[in-house]
Amino acid sequence: MLVRWRKNVLVLLLAAGAIPVTYMVYFIATSDDAFDVNSDNAGVSALETRLVQRVREVENQNIGLRKQLSQTQNHLLRLQMTLAAANDSAGAGGNGTKIKCLNAEPDVPKCEVIHVAIVCAGHNSTRDVVTLIKSILFYRHNPLHLHFISDSVAQLILTKLFESWSVAEVEVSFYPADSIKPDVTWIPNRHYSGVYGLMKLTLPKTLPAELEKVIVLDTDVTFETDIAELWKIFRVLKGKQAIGLVENQSDWYLGKLWKNHQPWPALGRGFNTGVILLDLKMLRELSWMQMWRLIAEKELMSMLATSLADQDIFNAVLKQHPYLVYRLPCQWNVQLSMNTRSEQCYSEVADIKIIHWNSPMKLKVKNKHVEFFRNKYLTFLEYDGNLLRRELFGCQTASGGEGARNQDPLGELTEDDDCYDFRSERELVHRTHLYYMDYRYEPAPDDVTLVAQLSLDRLQMLELICKHWEGPISIALYMSDAEAQQFLRYALGSDILMARKNIGYHIVYRDGQFYPVNYLRNVALQEVKTSYVFLSDIDFLPMFGLYEYLKKAATTMAIGKQKKALVVPAFETQRYRLQFPKSKAELLSMLDMGTLFTFRYHVWPKGHAPTNFAKWRTATTPYTVNWEQDFEPYIMVQRDIPQFDQRFLGFGWNKVSHIMELDVQGYEFVVLPNAFVIHMPHAPSFDIAKFRSSSNYRKCLKVLKAEFQKDLSKKYGIKALKYLDVE
């Protein structure tokens, strides 16, 4: 009985984990002496007491062991990462890399500049790169120097974006793709990236000679950690290791995806080039440009073309020269294409450092954590980039440090001023993304562009305007990051908008409490490519054929040689469903029937009264009108005109001030007899509501008007004195 009891106790203790294996031996060795079958009850009781004491001693020892294990847990995790990153002999050609713990490396000094190279060309690529940059800025603690290999389109867009973004401690350099093309255009490439997908091969030659190392990124990656953690891995590279890469997570280079699949040569599964560490100094010493070119020429004799652009050539080089590669831990490039097995790369999503959407299908890839990845991507896609303008504490480098705004003008203002909000927002520099969608248009002689601006609540007007105006359009859209994505989805789903490549969409990101109407007009006006502009608003529909009519008028009236502003009379309807007039005769009939009205005749007649609608009804030739107080017509004029005054925000005097300056410059206002636009009804804007409800708003508008008139007189002298009497 006692023997059976002894065995049961032992089994229970082992099952509970109370006795380590070393103590189990001791327990068994002493049990025969301790448990005699002839012992009496008193002996059994004494043995139980001894057993309880022994169990307690063992438990105390186990607690100590568990504490030691807990303290070494992080060390074990680091060893695991090191093993994953180690350039083992079998995979890397047997160069005998010494195992080293990456996280044991000291942190990157806070003011050390991290260099990043990105190939970015075309309109769509600039949208992708913004999401990448947001994710880097969100986590980073170091200054950045971004090196863009770009075409002229991307350089224009990104230059404006970073100038207006004004992120502290971020420097940007551009390297024209056209000068790089001769090095790679000889390579046939089947990949959708085209010639730009080969340009990373030229970075040791393209980037400045004094730059010794760089992180190279595709535009479709998203960071989940501080980029400095990747930068410090450069310290682990030894010998001739000059290229840090993550193993490819698909079977592409194994040649198993389909029958008779013949990929380029690679080490094992090969490497993915979406994230690369490049030791530029070492590669230059090894004559990298000559090395990869010779290998590519040899392989192309049998392969005929690359399928994965630069990735094929990188892998072919590393196949012949395995000593060049350092195997990065796979968490630094978790690949999410349709054929990858990225789940094998990590055990927990918290381990992931970089998510790589290396598929044109983007969010449709299959992965057990795809919802997590999708949410991370969408978070940065719609993240307010204004929040990333923060300065880095205690680090002001040559690449920045002056903050997100130009503080000098604001320093002259006082918050005690009742109009402080108006004055301060005049100084805002709004983050701006030009040509947000594909734009391809070569203007013809005497061509004219419609210029307008809008917010999300007027988005439905775009398709209507496109039906009425077949010419080029330059439009500024005032939106948040999230709203910009709504616009993109709307545009991509519109057959009407997607059929047009002559519309320049310029996203001006929302910041401040007022609608910066004149700021938006200036952004759109600055991007006009044609000789002439038609300055309109988004809620006006042009008459059918107005584009061709204005082009002819520009030629016949020689407005490019004379200071003339051609006035297009404005009308309005209160009906949401309107049978749009096809001619002036139909419009006059609708005026007589009360279906149409002259614009704002009942609330703001002074704005358009000088047009002289009574004369227009019977006019068959253009006629000149004089400027009058508060005149604000819609006009066609040459492109080279004064910009709109940006002190006027929201509602009131934004067009009036511009027409006033044209008048003081000597422009003649000529009304076109067979042209018209019609204002479509809509709910009142937020700024009109504020104007009507806030006495301070109206007071400040009067103050700004008076200041504008004084500034005009200072600028133009005696010619502007007449405006000082305007109330």
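Engineer: How should the packing of aromatic side chains be read in this particular structure?
Structural biologist: Describing an aromatic ring pair means giving the distance of the ring centres and the angle of the ring planes. In total, this model carries 32 aromatic pairs according to the counting rule given. An angle of 85 degrees between the planes, with centres 5.0 Å apart, marks the rings of F138 and Y139 as edge-to-face. Owing to a relative accessible area of 34%, F138 belongs among the partly exposed residues under this scheme. Considering the side-chain rings of W186 and W292, the 6.2 Å spacing of their centres and the 5 degrees angle between planes classify their relative orientation as stacked. Pair noted here: W186 is in the loop between α8 (177-180) and α9 (203-206) and W292 is in helix α12 (residues 288-303), with a separation of 106 residues, a long-range link. An aromatic cluster is defined as three or more aromatic residues linked by ring pairs; in this entry it consists of F138, Y139, F380 and Y383. The aromatic ring of Y323 is capped on one face by K240, whose charged end is 5.9 Å from the ring centroid.

Engineer: Would you mind showing me how to read the pattern of salt bridges here?
Structural biologist: If charged atoms from side chains of opposite charge come close, those side chains can pair. Taken as a whole, this structure holds 31 salt bridges when the rule is applied. Here K232 makes a salt bridge to D107, at a shortest N to O gap of 3.7 Å. One end of the pair, K232, is in the loop between α10 (227-231) and β6 (243-247); the other, D107, is in the loop between α5 (89-92) and β1 (114-120), and 125 residues separate them in sequence. On the basis of relative accessible area, D107 is assigned to the exposed category, the value being 57%. Salt-bridge contacts for K134 lead to D481; the nearest nitrogen and oxygen are separated by 2.7 Å. In this pair, K134 sits in helix α6 (residues 123-139) while D481 sits in helix α18 (residues 481-492), placing the two residues 347 residues apart along the sequence. What makes D481 buried here is its relative accessible area of 3%. Each of K134, D384, R431 and D481 takes part in a single network of salt bridges with overlapping partners.

Engineer: Please clarify how the state of the cysteines should be interpreted in this entry.
Structural biologist: Should the sulfur atoms of two cysteines be covalently bonded, the bond is a disulfide. Evaluated as defined, the whole model comprises 1 disulfide. What pairs with C419 in a disulfide is C700, and their sulfur atoms sit 2.1 Å apart. On the S-S bond that ties C419 to C700, the torsion sits near -100 degrees, and the link is left-handed. Separated by 281 residues along the polypeptide, C419 in the loop between α15 (407-411) and α16 (420-426) and C700 in helix α26 (residues 695-716) bring together distant segments of the chain. Given a relative accessible area of 3%, C419 falls into the buried group. C700 gets classed as buried once you look at its relative accessible area, which sits at 0%.

Engineer: Would you mind going over the nonpolar core with me for this structure?
Structural biologist: The tendency in soluble globular proteins is for nonpolar side chains to be buried side by side. Of all hydrophobic cores here, the largest spans 113 residues; its most connected members are W469, F487, Y505 and F534. Looking at this core, the element that brings in the most residues is α26, giving 7 residues. V216, W264, I313 and A316 belong to the second largest nonpolar core, which has 46 residues in total.

Engineer: Any chance you could explain the sheet that holds strand β16 (residues 540-542) here in plain terms?
Structural biologist: Here we have 4 strands laid out as an open sheet, ordered β16-β23-β18-β19, and mixed in their pairing. Every other strand in the sheet has two partners, leaving β16 and β19 (597-598) as the edge strands with one partner each. Of the strand pairs in this sheet, β16 and strand β23 (residues 677-679) are connected by 3 bridges, and their pairing is antiparallel. Residue pairing for β23: L541 is matched across the bridge by I678.

Engineer: What is the right way to read the environment of E470 from this model?
Structural biologist: By secondary structure assignment, the location of E470 is in the loop between α17 (461-468) and β13 (473-479). A sequence separation of 75 residues divides E470 from G545, and the C-alpha atoms of the two residues are 8.4 Å apart.

Engineer: How should I be thinking about the side chain of K134 in this particular structure?
Structural biologist: Judged by its relative accessible area of 2%, K134 is buried. Polar contacts involving the side chain of K134 include one to the main-chain carbonyl oxygen of L381, which spans 3.2 Å. For K134, the side chain forms a polar contact with the main-chain oxygen of Y383, separated by 2.8 Å. When residues no more than four places from it in sequence are discounted, the contact partners of K134 are W165, F380, L381, E382, Y383, G385, L388 and D481.

Definitions and cut-offs
- Residues numbered from 1 in each chain as written.
- Predicted model: local features only at pLDDT ≥ 70, side-chain atom pairs only at ≥ 80, totals over all residues.
- Heavy atoms only, no water.
- Phe/Tyr/Trp six-rings, centres within 6.5 Å; stacked < 30°, edge-to-face > 60°.
- Buried < 20%, exposed > 50% of the residue type's maximum accessible area, 1.4 Å probe, protein only.
- Helix = DSSP H or I, 4+ residues; strand = E, 2+ residues; numbered from the N terminus.
- Lys NZ or Arg CZ within 6 Å of the ring centre and 35° of its normal.
- Salt bridge = Lys/Arg side-chain N within 4 Å of Asp/Glu carboxyl O.
- Disulfide = S-S within 2.5 Å.
- Core = buried A, V, L, I, M, F, W, Y, C linked by side-chain atoms within 4.5 Å.
- Pairing = 2+ DSSP bridges.
- Polar contact = N/O pair within 3.5 Å; in protein donor to acceptor, adjacent residues only side chain to side chain.
- Contact = heavy atoms within 4.5 Å.

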